[in-house]
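Commentary on secondary and tertiary structure
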Amino acid sequence: MALSLQEQLLKAGLADKKKAKQVRQQKHKQAKAKQKHKQVEENEAKLAAEQSAQAKKDKDRALNQQAKELAEKKAVAAQIKQLIETNKQPKFAGGGKQEEVVCNFTDGTLIKRMYVSTLTQKQISQGKLAVVKLDDGYELVPMPVAEKIAERNPESVVYRADNISEQDVKSSEEDDWYADYEIPDDLSW
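Residues numbered from 1 in each chain as written. Predicted model: local features only at pLDDT ≥ 70, side-chain atom pairs only at ≥ 80, totals over all residues. Heavy atoms only, no water.

1. Some details on the overall build of the chain
When you go through the chain residue by residue, the secondary structure sums to 5 helices and 5 strands. Expressed as a percentage of the 189 residues in the chain, the buried residues total 17%. In the chain, 49% of the contacts between residues at least 6 apart in sequence involve partners at least 24 apart. (Helix = DSSP H or I, 4+ residues; strand = E, 2+ residues; numbered from the N terminus. Buried < 20%, exposed > 50% of the residue type's maximum accessible area, 1.4 Å probe, protein only. Contact = heavy atoms within 4.5 Å.)

2. Details of the nonpolar core
Formed by I80, L83, I84, A130, V132, L134, V141, M143, V145, A146, I149 and V157, the largest nonpolar core amounts to 12 residues. Going through the elements one at a time, α2 (17–87), β3 (129–134) and α4 (143–152) are the ones with two or more residues in this core. Tallying contributions element by element places α4 first for this core, with 4 residues. Once residues lying within four places of it in the same chain are set aside, the contact partners of V141 are I84, N87, K88, Q89, K128, L129, A130, V132 and A146. Among the nonpolar cores identified, the runner-up in size contains 10 residues, and C103, L129, V131 and Y138 belong to it. (Core = buried A, V, L, I, M, F, W, Y, C linked by side-chain atoms within 4.5 Å.)

3. So, α4
Those residues of α4 that fall on the buried side of the exposure criterion are M143, V145, A146 and I149. End-on view of α4: buried residues confined to an arc of 150 degrees, all on one side of the axis. More than 90 degrees from the buried face of α4, the exposed residues found are P144 and E151. (Arc of directions from axis to C-beta.)

4. Examining the pattern of salt bridges
Pairing between side chains becomes possible if they bear opposite charge and their charged atoms approach one another. All told, the structure shown has 5 salt bridges when counted by the stated rule. A salt bridge links K133 to D107, with the shortest nitrogen-to-oxygen separation between them at 3.3 Å. Of this pair, K133 sits in strand β3 while D107 is found in strand β1 (residues 100–107), placing the two residues 26 residues apart along the sequence. Under the relative-accessibility criterion, D107 is labelled buried at 18%. The salt bridge partner of E147 is R160, with a shortest N-O separation of 3.9 Å. With a gap of 13 residues between them, E147 in helix α4 and R160 in the loop between β5 (157–159) and α5 (166–174) connect regions that are remote in the sequence. Judged by relative accessible area, R160 falls into the buried class, the value being 14%. (Salt bridge = Lys/Arg side-chain N within 4 Å of Asp/Glu carboxyl O.)

5. With respect to the sheet that holds β3
Backbone-to-backbone hydrogen bonds pair the strands of a sheet. The strands run either parallel or antiparallel. The 3 strands are arranged β4-β3-β5 in an open sheet whose pairing can be described as antiparallel. Single-partner strands in this sheet number two, and they are β4 (137–142) and β5. Direction aside, the axes of adjacent strands within the sheet are offset by 45 degrees on average. Both β3 and β5 contribute to a ladder of 2 bridges, which runs antiparallel. Pairing of V132 across the sheet is with V157, part of β5. Docked against the sheet, helix α3 (residues 118–126) engages β3, β4 and β5, running at close to 95 degrees with respect to β3. In the packing of α4 onto the sheet, the strands contacted are β3, β4 and β5, and the crossing angle to β4 comes to about 120 degrees. (Pairing = 2+ DSSP bridges. Axes fitted to C-alpha atoms, helices over the stretch in contact; angles between N-to-C directions.)

6. Observations regarding the side chain of D107
Among the polar contacts made by the side chain of D107, one reaches the side chain of K133 at a distance of 3.3 Å. The residues touching D107, leaving out its near neighbours within four places in the chain, are K112, K133, Y138 and V158. (Polar contact = N/O pair within 3.5 Å; in protein donor to acceptor, adjacent residues only side chain to side chain.)

7. Quick word on unusual backbone geometry
In most cases, non-glycine residues show a negative phi, while peptide bonds are predominantly trans. Its identity is not glycine, yet D135 carries a phi of approximately 55 degrees, on the positive side. Within the secondary structure, D135 is located in the loop between β3 and β4.

8. A word on the side chain of S117
Following the sequence through the fold, S117 ends up in strand β2 (residues 110–117). In terms of polar contacts, S117 uses its side chain to reach the side chain of T120, at 2.8 Å.

Below is the structure:
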């Protein structure tokens, strides 16, 4: 077998054993340092990959949560629309020629009006019917249905006669002093 270059230099007397040993030790140190450096790089790369994977999982989880909330909102809106469509009451109850009466109610800060029959207005004021918002319009539904709608989305129920505040009760008690007086027939409220 052929001798290595180092062995050939030693035989020729061009290099000594001490110098050869130093060169071998230095090569060995460099090889170990490369391995160690490679392991550190691998560990850093592995750590960076794990961090990016965790960040991606967190982002995906947040996006899934948003999509789930959006789907729930759409489902609730569809349920409300279906409840209103299946249970809406006619604004002019009964048959024949009826008198139109204006029914005023508030939607947030706006005062809205709806033309209904006198019988329907009486049912609204007694708390048998409630005014609910459907898309851009308003419909009348029975009070139990309005309660189901309010459970899903309270903003959909615009007016309920049973939503009388304490101030309204006090003012109605104060206004009862004229209850003994008879109201003329030609006035309509």
